Amino acid sequence: MHGAQAAHMTRVRHLREAFASANERLVARLRGATDEAAERHVPNGWSASQIGWHVATVSTRFAGLISGDLTGTQPLPDSFCERPWGEIASSIPDRLQAPPSSHPPPTVRRTDAVAALEASGTKMARAFDALTSERGARMGITNAIVGTINVYQVAEWASAHIARHNKQAKRVLGEG
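Here is a short report on the structure shown in this document. Keep in mind the model is a prediction, meaning the values are calculated, not measured.

## Considerations on the packing of aromatic side chains
The final tally for this structure, using the stated rule, is one aromatic pair. Centre to centre, the rings of Phe-62 and Trp-157 are 5.1 Å apart; their planes meet at 50°, and the pair counts as tilted. Pair noted here: Phe-62 is in helix H3 (residues 48–67) and Trp-157 is in helix H7 (residues 151–172), with a separation of 95 residues, a long-range link. For Trp-157, a relative accessible area of 11% gives the class buried.

This is the structure:
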């Protein structure tokens, strides 16, 4: 295996592990909560189960962008220079409004949120299996929240998105 392919495999392994770890933490949090606690209505917010449903929906979309199963990625210009994810993440506002397409239904059962998160994890694993170094580095998206990023960075965003919402679920459940 030559250097570029080895670097790609190392990066994908890291992305896969980061995503799986973040997703498993949120799944464990929801599994550890009672139905009543996880499904409790939150005024002007989402229940922990609704948070899980939202995360699963967004992770499934990220997986589709990574694998190419969904449209939305474009070839990056030759002038594209990858910025460190930490720099991008630090510029994301603390509070964001999710697009309506990823808003959860009015009620979500805890078990349904867990099942959706597990299914999104499987989709992401398959997306990582399909990811090539060319797609990871040369295809990307432009988004108002993160600017222009490559597909590898979409995967980083997916993990960061879960971690952000896991903290939110922790607060909603009264754990933090």
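## Brief notes about H7
Counted at 1.5 Å a residue, the expected span for H7 with its 22 residues is 32 Å, and the 31 Å between its end C-alpha atoms agrees. The N-cap residue of H7 is Asn-150: its side-chain oxygen and the backbone nitrogen of Tyr-152 are 3.1 Å apart. Phi turns positive, to about 75°, at Gly-174, one or two residues after H7.

Rules behind the numbers
Residues numbered from 1 in each chain as written. Predicted model: local features only at pLDDT ≥ 70, side-chain atom pairs only at ≥ 80, totals over all residues. Heavy atoms only, no water. Phe/Tyr/Trp six-rings, centres within 6.5 Å; stacked < 30°, edge-to-face > 60°. Helix = DSSP H or I, 4+ residues; strand = E, 2+ residues; numbered from the N terminus. Buried < 20%, exposed > 50% of the residue type's maximum accessible area, 1.4 Å probe, protein only. Expected span 1.5 Å × (residues − 1). Polar contact = N/O pair within 3.5 Å; in protein donor to acceptor, adjacent residues only side chain to side chain.

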